[in-house]
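Structural overview for review
What follows is the residue order along each chain.
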Amino acid sequence: ELQAYNKLHEKLDDLLATLPKDKGWRSPNIFLHKGFWLTPQAIKGLLMIDDYFHPRSTDIFLATFMKCGTTWFKALMFATANRHRYNFSDHPLHHNGPQSAFPFLDSHIFLDYPVTKFDHLPSPRLFATHFAHSLLPTSLSSPSSTCKFVYVCRDPKDVLISKWLFMSKLRSKELPPISFNETYELFCNGVSEYGPFWDHVLGYWKASQESPEKILFMKYEDMKREPSVELKKLAAFMGMPFTAEEEKGGVVGEIVKLCSFENLSNLEVNNDGGGAQKFTAQLVVENRDFFRKGKVGDWENHLTEEMRERIDSITETKLKGSGLTL
Ligand code: A3P
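As the structure is a prediction and not an experimental result, all values here were calculated from the model.

**Digging into the site of the ligand**
Taken together, 19 residues surround the ligand, and among them Thr70, Thr71, Ser162, Arg292 and Lys293 come closest. Contact distances for the ligand include 3.1 Å between an oxygen atom and a backbone N or O atom of Gly69. Counting residues per element, the shell around the ligand draws most heavily on helix H3 (residues 70–81), at three residues. By residue class, the composition of the shell around the ligand is eight nonpolar, six polar and five charged.

**Looking at the confidence of the model for the chain**
In this model, the chain carries a mean pLDDT of 95, and residues with pLDDT of at least 70 account for 100%. Scored by ipTM, the complex comes to 1.00, with pTM at 0.97.

**Concerning the packing of helix H1 (residues 2–18) against helix H2 (residues 40–52)**
Relative to each other, H1 and H2 sit at 130°, their axes nearing to 10 Å. With respect to their mutual orientation, H1 and H2 come out oblique. Pair H1 / H2 crosses with right-handed handedness. Judged by residue contacts, Ala4, Tyr5, Leu8, His9, Lys11, Leu12, Leu15 and Leu16 of H1 engage Pro40, Ile43, Lys44, Leu47, Met48, Asp51 and Tyr52 from H2.

**Let's talk about unusual backbone geometry**
Among all residues except glycine, the phi angle is most often negative; among peptide bonds, the trans geometry is most common. Note that the residue after Ser123, namely Pro124, is joined by a cis bond; omega there is -5°. With respect to the secondary-structure elements, Pro124 resides in the loop between helix H4 (105–108) and strand S5 (126–129). For the peptide bond that leads from Gly195 to Pro196, omega is 5°, which places it in the cis range. Within the secondary structure, Pro196 sits in the loop between helix H7 (180–188) and helix H8 (197–210). Of note in this structure, Lys67 is not a glycine but carries a positive phi near 70°.

**Some details on the pattern of salt bridges**
Any two side chains of opposite charge can pair, so long as their charged atoms come close to each other. In the structure shown here, the tally under the stated rule is 19 salt bridges. Close ionic contact of Arg125 with Asp59 constitutes a salt bridge, the shortest N to O distance being 2.8 Å. Here Arg125, found in the loop between H4 and S5, pairs with Asp59, found in the loop between H2 and strand S4 (60–64); they are 66 residues apart in sequence, far enough to count as distant. Note on accessibility: Arg125 and Asp59 belong to one class, buried. A salt bridge links Lys157 to Asp312, with the shortest nitrogen-to-oxygen separation between them at 2.8 Å.

**Focus on the sheet that holds strand S1 (residues 21–23)**
With antiparallel pairing, the three strands of this open sheet are ordered in space as S1-S2-S3. Two strands close off the open sheet at either side, each with one partner strand: S1 and strand S3 (36–38). Strand-to-strand twist of the sheet, defined as the mean angle between neighbouring strand axes without regard to direction, takes the value 35°. Across three bridges, the pairing between S1 and strand S2 (residues 29–33) is antiparallel. Bridge assignment links Lys23 to a residue of S2, and that residue is Asn29. Lying on the sheet, H2 is in contact with S2 and S3; it crosses S2 at an angle near 40°.

**Some details on the packing of aromatic side chains**
The description of an aromatic ring pair rests on the distance of the ring centres and on the angle between the ring planes. Scanning the model with the defined rule gives 25 aromatic pairs in all. With centroids separated by 5.3 Å and ring planes inclined at 55°, the aromatic side chains of Phe187 and Trp198 adopt a geometry described as tilted. Residue Phe187 is found in helix H7, and its partner Trp198 is found in helix H8; the two are separated by 11 residues along the sequence. Joined through ring pairs, the aromatic side chains of Phe53, Phe61, Phe118, Phe127, Phe149, Tyr151, Tyr204, Trp205 and Phe217 make up one cluster. Across from the ring centre of Tyr220, 4.0 Å away, lies the NZ or CZ of Arg154, which sits over that ring. Just above the ring of Trp299 sits the side chain of Lys157; from NZ or CZ to the centre is 4.9 Å.

**Structural notes on the environment of Trp72**
Within the secondary structure layout, Trp72 lies in helix H3. Separated by 136 residues in sequence, Trp72 and Ser208 place their C-alpha atoms 21 Å apart. For Trp72, the residues in contact, after removing those within four places along its chain, are Tyr220, Met223, Lys224 and Cys259.

**Observations regarding H1**
Look at H1: 25 Å from first C-alpha to last across 17 residues, which is about the 24 Å you get at 1.5 Å a residue. Within the sequence span of H1, burial applies to Tyr5, Leu8, Leu12 and Leu16. Projected down its long axis, H1 carries its buried residues within an arc of 70°, all on one side. Within H1, the exposed residues directed more than 90 degrees away from the buried face are Gln3, Lys7, Asp13, Asp14, Ala17 and Thr18. Against S2 and H2 lie the buried residues of H1.

**Examining the sheet that holds S5**
Taken in spatial order, the four strands of this open sheet run S5-S4-S6-S7, and their pairing is parallel. Two strands bound the open sheet, and with one partner strand each, they are S5 and strand S7 (215–219). Put simply, the sheet's adjacent strands are angled 20° from each other on average, direction ignored. Strand direction decides the pairing type here: S4 and S5, joined by four bridges, are parallel.

Here is what the cut-offs are and how they apply
Residues numbered from 1 in each chain as written. Predicted model: local features only at pLDDT ≥ 70, side-chain atom pairs only at ≥ 80, totals over all residues. Heavy atoms only, no water. Near = heavy atom within 4 Å. Polar contact = N/O pair within 3.5 Å; in protein donor to acceptor, adjacent residues only side chain to side chain. Helix = DSSP H or I, 4+ residues; strand = E, 2+ residues; numbered from the N terminus. Nonpolar A, V, L, I, M, F, W, Y, C, P; charged D, E, K, R; others polar. pLDDT = per-residue confidence, 0-100. Axes fitted to C-alpha atoms, helices over the stretch in contact; angles between N-to-C directions. Parallel < 35°, antiparallel > 145°, perpendicular 65-115°, else oblique. Left-handed = near helix turned anticlockwise from the far one by under 90°. Contact = heavy atoms within 4.5 Å. Salt bridge = Lys/Arg side-chain N within 4 Å of Asp/Glu carboxyl O. Buried < 20%, exposed > 50% of the residue type's maximum accessible area, 1.4 Å probe, protein only. Pairing = 2+ DSSP bridges. Phe/Tyr/Trp six-rings, centres within 6.5 Å; stacked < 30°, edge-to-face > 60°. Lys NZ or Arg CZ within 6 Å of the ring centre and 35° of its normal. Expected span 1.5 Å × (residues − 1). Arc of directions from axis to C-beta.

Now the structure itself:
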């Protein structure tokens, strides 16, 4: 297996040499692979998923573009799936950052050698991914696969601000800082990790239209506005609907409260004394960096009117005729 693993690295190097590249927000370069901008590590993750990941028919994926609410939905899905195992007064989410609630497939598959195969996880397994729908292996994405996807999207203006601030924190100190104006231009041109944003959203939107039983398309803003309604939808889709008794007993409200920005961001583990999440040997992110404001519309504090208009017009043009509005 070590030989196959080393071969994969050779394949990765050969592939990278053929791909167009552009400026990364936190790393020197990102590469355009099958229509999406990815870091070399993410491309390695894709190759490894192709070679080593064996889906189970009961797997459930949380798919997001970066900064659309991965941390929040990880907490919600974990708390929902495990609500019969844990007590809300002493819950694992009180002591562990939500990012560690279940694996981020894109990089955890190669966190260390030997390759992680996730065979030890009980069903239904939960995974998170940032990969665009068209990049996923057909064993996961084809309508005949019974794996489920929860996709979460968010207003691209808030995504841009959140991502810029997050990536600036992670950006290597050896690189010159990247200005907001430059990031904004790159974002509008689709050049950011896992982007273009609009193609990412549209890929999952179209797939969810074709197979609604396989992909649940959700919005950050809806979960903010009506968390109980949205959480009930989420649980039912996961095949774990709340019973009338649970609803009466306040379980939905307990999960909403446990996973709220106010609660999670104030826990020590997600704060100054908190832990960190290892994504790759080079990329370790402190839990607190996944919590900033948790608001809808913070872009108003950062974007000029002209910038807002340009992003809104890209969104309108890209989503035209799809039936989706953002
Ligand atoms: P802001 O930077 O706008 O505050 P991701 O988890 O996909 O990386 O997204 C991070 C964004 O979700 C950040 O947005 C973060 O503050 C927000 N967030 C994290 N936890 C949240 C929660 N429990 N409820 C609502 N928003 C949350």
